[in-house]
Amino acid sequence: MTTVVVYASRYGSTGAIAHHIAKQLGPDADAFDLADGDPDLSDYDLVVLGTPVYTGQPLPLMTRFAGSTALDGKQVALFVSGMETDPAKRDVETKAAFPSELVDRAVAVGYLGGRLLFSRMGITDRFAIKRIANVKTKTDIDAIDRDAIDRLVSQIRDRNEA
């Protein structure tokens, strides 16, 4: 099964997660950054979509792509990267990040944690995110949930082997 992991990323964390997922899914899996344009999905059987969530909102690049791209006949898996710790809020953010018809038919959906890379942020973003997240540190924070990534990849593999 040919797979593409299509992602939007602001500071690189979601991109790193996307590339890790593609590597875990094997040699037929590619990763594609929406910052490079819209990918041609015609050669892929499975499309994995990933976006970060900032202040409860997915990146507009992914919102546009997920809402306008025809994924009929494709298997779909979805993931969100973010810093929310409350499971109920994570679920709300994940469901709000993608059109409901994609969430409903996805073979796997995951909230995979994230990173706050203050070292890559401009002063305005750094100030806003620290204030919203109530973070006092000046150092980068890595909260990527590698177990959640493994579970997502396992769910995708299990669905494809069934």
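Located above this text is the structure these notes cover.
Residues numbered from 1 in each chain as written. Predicted model: local features only at pLDDT ≥ 70, side-chain atom pairs only at ≥ 80, totals over all residues. Heavy atoms only, no water.

### Remarks on the overall build of the protein chain
Along the backbone of the protein chain there are six helices and eight strands. Starting at the N terminus and walking to the C terminus, you meet the elements of the protein chain as β-α-β-β-β-α-β-α-α-β-β-α-β-α. In the protein chain, buried positions account for 44% of the 162 residues. About 8500 Å² of surface is accessible on the protein chain, with carbon and sulfur atoms providing 48% of the total. (Helix = DSSP H or I, 4+ residues; strand = E, 2+ residues; numbered from the N terminus. Buried < 20%, exposed > 50% of the residue type's maximum accessible area, 1.4 Å probe, protein only. Areas by Shrake-Rupley, 256 points an atom, 1.4 Å probe, with all protein chains shown as cover.)

### A closer look at helix H2 (residues 60-68)
Taken together, the buried positions of H2 are occupied by Met62, Phe65 and Ala66. Projected onto a plane normal to the axis of H2, the buried residues spread over an arc of 95° and lie on a single side. Projecting away from the buried face of H2 at angles above 90 degrees are the exposed residues Pro60, Gly67 and Ser68. Of the surrounding elements, those touching the buried residues of H2 are strand E1 (3-7), strand E3 (46-54) and helix H4 (100-105). (Arc of directions from axis to C-beta. Contact = heavy atoms within 4.5 Å.)

### Examining the pattern of salt bridges
Scanning the model with the defined rule gives two salt bridges in all. Across the pair aspartate 38 and arginine 64 runs a salt bridge, and its minimum N-O distance is 2.9 Å. On the criterion of sequence distance, the pair formed by aspartate 38 in the loop between strand E2 (29-33) and E3 and arginine 64 in helix H2 is long-range, its members being 26 residues apart. Owing to a relative accessible area of 46%, aspartate 38 belongs among the partly exposed residues under this scheme. Overall, the relative accessible area of 38% leaves arginine 64 in the partly exposed class. When the shortest N-O distance is used, the salt bridge between lysine 95 and aspartate 91 registers 3.3 Å. With lysine 95 and aspartate 91 both in helix H3 (residues 87-97), this residue pair falls four residues apart, about one helical turn. On the basis of relative accessibility, which here comes to 39%, the residue aspartate 91 falls in the partly exposed class. (Salt bridge = Lys/Arg side-chain N within 4 Å of Asp/Glu carboxyl O.)

### A short note on the environment of lysine 74
With respect to the helices, strands and loops of the structure, lysine 74 is situated in the loop between H2 and strand E5 (75-81). Residue classification places lysine 74 among the buried positions, given a relative accessible area of 16%. For the pair formed by lysine 74 and leucine 46, sequence separation is 28 residues and the distance between their alpha carbons is 5.6 Å. Discounting chain neighbours no more than four positions away, the residues touching lysine 74 are Leu41, Ser42, Tyr44, Asp45, Val47 and Arg105. In terms of polar contacts, lysine 74 uses its side chain to reach the backbone carbonyl oxygen of leucine 41, at 2.8 Å. (Polar contact = N/O pair within 3.5 Å; in protein donor to acceptor, adjacent residues only side chain to side chain.)

### Quick word on the side chain of threonine 3
As for its placement among the helices and strands, threonine 3 is situated in strand E1. Note on threonine 3: relative accessible area 5%, which makes it buried. When neighbours within four sequence positions are excluded, threonine 3 is seen to be in contact with Leu25, Asp28, Ala29, Asp30, Tyr44, Leu46 and Val48.

### Considerations on helix H1 (residues 13-25)
Counted at 1.5 Å a residue, the expected span for H1 with its 13 residues is 18 Å, and the 19 Å between its end C-alpha atoms agrees. Those residues of H1 not exposed but buried are Ser13, Thr14, Gly15, Ile17, Ala18, Ile21 and Ala22. One or two residues past the end of H1 sits glycine 26, with phi positive at roughly 110°. (Expected span 1.5 Å × (residues − 1).)

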